[in-house]
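Overview (structure and organization)
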Amino acid sequence: MYTLLAIVLAVACGVGTFFLVSRIILPMPKNSSRTVLIVCPVAVCLLAMTLLIATATIPGKADRLMTDGIGQFEAYLNTVSPGYTDTELDPSDAVKLCEDTKAFKSYFENNPEMGLIVNLMGASVFVEYMTAFAQSIEDNIAEMEAAGKSLTMHNILDHIHLKAGDVIGHTTCVMMWVILGLFAAACVIILIASYVTRKEGMKSGVTFGPAAENADGQ
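Described below are features of the structure shown in this document. (Residues numbered from 1 in each chain as written. Predicted model: local features only at pLDDT ≥ 70, side-chain atom pairs only at ≥ 80, totals over all residues. Heavy atoms only, no water.)

1. As for the overall build of the protein chain
Tallying secondary structure elements over the protein chain gives 9 helices and 0 strands in all. Starting at the N terminus and walking to the C terminus, you meet the elements of the protein chain as α-α-α-α-α-α-α-α-α. For the protein chain, with 218 residues in total, the buried portion stands at 36%. Put simply, of all contacts in the protein chain between residues at least 6 apart along the chain, 78% involve residues at least 24 apart. Within the structure as shown, the protein chain displays about 12,700 Å² of accessible surface, and the carbon and sulfur contribution to it stands at 64%. (Helix = DSSP H or I, 4+ residues; strand = E, 2+ residues; numbered from the N terminus. Buried < 20%, exposed > 50% of the residue type's maximum accessible area, 1.4 Å probe, protein only. Contact = heavy atoms within 4.5 Å. Areas by Shrake-Rupley, 256 points an atom, 1.4 Å probe, with all protein chains shown as cover.)

Encoded structure:
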C-alpha cells in the first residue's frame, strides 16, 4: 500500500517536473539562468522521489522492529516464568507489566541499523501505547474482549502492536503528502523565478532613449 502510494506520488512529481521544464523553461532563450532553472526542478524531483521511496519503507521496518522487540520481551518473561505470556492475567498485573517498558527501550536503543526515524516512530509509538494501555486498562480490556481475546501478555502485546502499526501507517501517509506538498511549493518558486527571469530578459533586449537613436543612425 505504502509502496504503491509512493510510486503514484513519485510519478506525479515526475510529470510535474516534465511539464515545468518542457513547457515553461525550455522555450526560454538559452543562457546560464535557463540552465539553472532546468537543473533545479530536476534535482528537487529526484530528492522528492528518494524521500518518498525511503518513507514508504518506514512502516515495514518499524513493524519488524516491534515484532523483534515483542519476541525478546516474551522470551524474557517466559525465561522468568515458562508459559507466562499465554497465562491469563489479572488486570493489575497487566498494568504493572505495561508500565515496565525498560525491556523494549533497551532493545530499540541497541538497534541503530533501523535508523533514527524508524526508531522514533516504531519505538516511541509502541512504548507510548504500552503506557496508554496501562492508563486505560478497562477500555482496552473491553476492546480485547470484543475481539475475542483473553487478557494474556501475548494478546496485550499483539493488541498494542496493531494500534501502534495503524498510527505509524497514518503518519507515513501524512509524511508522503507533505513531501509532495513541499515539492509543489518548490515548483511554484521555480515557476515564479522563471517568469521573473523571462521578464528581465525581455527588458534587457529592448533599448530606449538616445542609445536607441544612435543604433538607428548606424
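2. Re the side chain of threonine 152
Within the secondary structure, threonine 152 sits in the loop between helix H7 (137–146) and helix H8 (153–204). Looking at threonine 152, its side chain comes within polar contact range of the main-chain nitrogen of asparagine 155, at 3.2 Å. (Polar contact = N/O pair within 3.5 Å; in protein donor to acceptor, adjacent residues only side chain to side chain.)

3. Topic: the pattern of salt bridges
One pass over the structure, following the stated rule, counts 2 salt bridges. Linking lysine 163 and glutamate 143 is a salt bridge whose minimum nitrogen-to-oxygen distance equals 3.0 Å. With a gap of 20 residues between them, lysine 163 in helix H8 and glutamate 143 in helix H7 connect regions that are remote in the sequence. Salt-bridge contacts for aspartate 158 lead to lysine 149; the nearest nitrogen and oxygen are separated by 3.0 Å. (Salt bridge = Lys/Arg side-chain N within 4 Å of Asp/Glu carboxyl O.)

4. Quick look at the side chain of threonine 17
With respect to the helices, strands and loops of the structure, threonine 17 is situated in helix H1 (residues 2–25). Take threonine 17: its relative accessible area is 6%, and that puts it in the buried class. Residues in contact with threonine 17, not counting those within four places in the same chain, are Pro41, Val42, Cys45 and Phe183.

5. Comments concerning helix H2 (residues 32–56)
Between its first and last C-alpha atoms H2 spans 37 Å; for 25 residues at 1.5 Å apiece the expected length is 36 Å, and the two agree. Capping the start of H2, asparagine 31 holds a side-chain oxygen 3.1 Å from the backbone nitrogen of serine 33, two or three residues further along. (Expected span 1.5 Å × (residues − 1).)

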